[in-house]
Amino acid sequence: MAAALRQSYRRPQPGQSKLAVLARSLGIDFRALSPLLKRARMNKTFISTSGDLSSTAPTIMWSLEFCLLPSSHPEGGPRTCLRDDLRWCDQLLCPLRILVHSCHPDWSMETIWRDRVTALSSVEQENLVTNKAPAGAVVSWLLSTPPSLNPADSSSSFFFYIQCDGGKQQPGRSGIYPKHEIFPSTALSEVLTYDSFVIHEFPTVWVSRTELPTTG
């Protein structure tokens, strides 16, 4: 039994292997995780093909995670964990995580955000949440207005970011993890192939109501 669990932990599922091959052929740095992990179990990314395989290439329909960042540090202090030389810090920021599915690579971030998040009912929005959160958390986040934001713009001001791996080592630091802003008009396919952006089962995009410092 223990040996079987170890093999399951190490070996990707058949569907994951096909997905990984197709993703890498498209220039996407896809990493399949153990099927025992929650992130792998939540993933509904799949390969879509038409009836006539000779006319249309297979398309990956992605699950996509949005991490909704609070407007201020939970303790009221500066968001030091968003410095350019550090990872986004879950333990300090406690982002609200939501997961959407069946996202076409040709769709823009703006389209995905609208059709898969903001256009949904409040009940549907709450069903997207994957971490512990109070009832109504998504609606509250969407309606919140940061102090620096004009209330008239509160319904349309969302900033999208990704964090990339492979930062250079520097003396006295563990590494640099570049953060890049993604414009709303950017297609998901462009996001997926961003230099050093690693996809662990599905892509993660960070969303903020205010503009954040980036390294690119």
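So, here is what we can say about the structure in this document. (Residues numbered from 1 in each chain as written. Predicted model: local features only at pLDDT ≥ 70, side-chain atom pairs only at ≥ 80, totals over all residues. Heavy atoms only, no water.)

## Re the overall build of the protein
Thought 1: Helix and strand counts for the protein come out as 8 helices and 8 strands.
Thought 2: Pairs at least 24 residues apart make up 70% of the contacts formed inside the protein by residues separated by at least 6 positions.
Thought 3: Put simply, the protein shows about 11800 Å² of open surface, and 54% of that area lies on carbon and sulfur atoms. (Helix = DSSP H or I, 4+ residues; strand = E, 2+ residues; numbered from the N terminus. Contact = heavy atoms within 4.5 Å. Areas by Shrake-Rupley, 256 points an atom, 1.4 Å probe, with all protein chains shown as cover.)

## What about helix α5 (residues 109-118)?
Thought 1: Three or more residues of α5 are buried, namely Met109, Ile112, Trp113 and Val117. Projected down its long axis, α5 carries its buried residues within an arc of 95 degrees, all on one side. (Buried < 20%, exposed > 50% of the residue type's maximum accessible area, 1.4 Å probe, protein only. Arc of directions from axis to C-beta.)

## Overview of the pattern of salt bridges
When the charged atoms of two side chains lie near each other, side chains of opposite charge can form a pair.
Thought 1: In this structure the tally under the stated criterion is 4 salt bridges.
Thought 2: Ionic pairing is found between Glu65 and Arg97, a salt bridge with its closest N-O pair at 2.9 Å. Highlighted residues: Glu65 in strand β3 (residues 59-68) and Arg97 in strand β4 (residues 96-103), separated in sequence by 32 residues.
Thought 3: Classification of Glu65 as buried rests on a relative accessible area of 3%.
Thought 4: Look at Arg97 and you get buried, because its relative accessible area is 16%.
Thought 5: Between Asp115 and Arg114 there is a salt bridge, and its shortest N-O distance comes to 3.0 Å.
Thought 6: Arg114 sits in the partly exposed class, given a relative accessible area of 41%.
Thought 7: Residues joined by salt bridges that share partners form a network here, namely Arg39, Glu65 and Arg97. (Salt bridge = Lys/Arg side-chain N within 4 Å of Asp/Glu carboxyl O.)

## Points about the packing of aromatic side chains
Thought 1: Evaluated as defined, the whole model comprises 7 aromatic pairs.
Thought 2: Where Trp113 meets Trp141, the ring centres are 6.2 Å apart and the plane angle is 75 degrees; that geometry is what we call edge-to-face. Here Trp113 is found in helix α5, whereas its partner Trp141 is found in helix α7 (residues 137-143), with 28 residues between them in sequence.
Thought 3: Grouped by ring-pair contacts, the aromatic residues Phe66, Trp113, Trp141, Phe158 and Phe160 constitute a single cluster.
Thought 4: Above the plane of the ring of Trp141 lies Arg209, whose end atom (NZ or CZ) is 5.8 Å from the centre. (Phe/Tyr/Trp six-rings, centres within 6.5 Å; stacked < 30°, edge-to-face > 60°. Lys NZ or Arg CZ within 6 Å of the ring centre and 35° of its normal.)

## Digging into the environment of Ile28
Thought 1: Position of Ile28 relative to the elements: it lies in the loop between α2 (14-25) and β1 (29-31).
Thought 2: Taking C-alpha positions, Ile28 is 7.7 Å from Val198, a pair spaced 170 residues apart along the chain.
Thought 3: Non-local contacts of Ile28, meaning those with residues more than four positions away in its chain, are made with Ala23, Trp62, Leu192, Thr193 and Ile199.

## Focus on the pairing of strand β5 (residues 159-163)
Thought 1: Most of β5 is tucked away: 4 of the 5 residues are buried.
Thought 2: Taken together, the 3 bridges between β5 and strand β8 (residues 204-208) define a ladder with antiparallel strand orientation. Within β8, the position partnered with Phe159 by the bridge is Ser208.
Thought 3: Across 4 bridges, the pairing between β5 and strand β6 (residues 179-182) is antiparallel. Looking at β6, one finds that Tyr161 is bridged to Glu181. (Pairing = 2+ DSSP bridges.)

## Some points on the nonpolar core
Thought 1: Core analysis: the biggest nonpolar cluster contains 36 residues, and Phe66 and Trp113 have the highest contact counts within it.
Thought 2: Those elements giving two or more residues to this core turn out to be α2, β3, β4, α5, α7, β5, α8 (188-192) and β8.
Thought 3: It is β3 that provides the largest number of residues to this core, a total of 5 residues.
Thought 4: Not counting the four nearest positions on each side in its chain, Phe66 is found in contact with Leu96, Arg97, Ile98, Val100, Met109, Ile112, Trp113, Val117, Phe160, Val205 and Val207. (Core = buried A, V, L, I, M, F, W, Y, C linked by side-chain atoms within 4.5 Å.)

## Some details on the side chain of Glu201
Thought 1: Counting through the fold element by element, Glu201 comes out in the loop between β7 (198-200) and β8.
Thought 2: Nearest to the buried, unbridged Glu201 among oppositely charged side chains is Arg39, at 7.0 Å.
Thought 3: Among the polar contacts listed, one links the side chain of Glu201 to the side chain of Asn43, at a separation of 2.7 Å.
Thought 4: Once residues within four sequence positions are removed from consideration, Glu201 is found in contact with Gln16, Phe30, Arg31, Ala32, Leu33, Arg39, Ala40, Asn43, Thr45 and Trp62. (Lys, Arg positive; Asp, Glu negative; His and termini not counted. Polar contact = N/O pair within 3.5 Å; in protein donor to acceptor, adjacent residues only side chain to side chain.)

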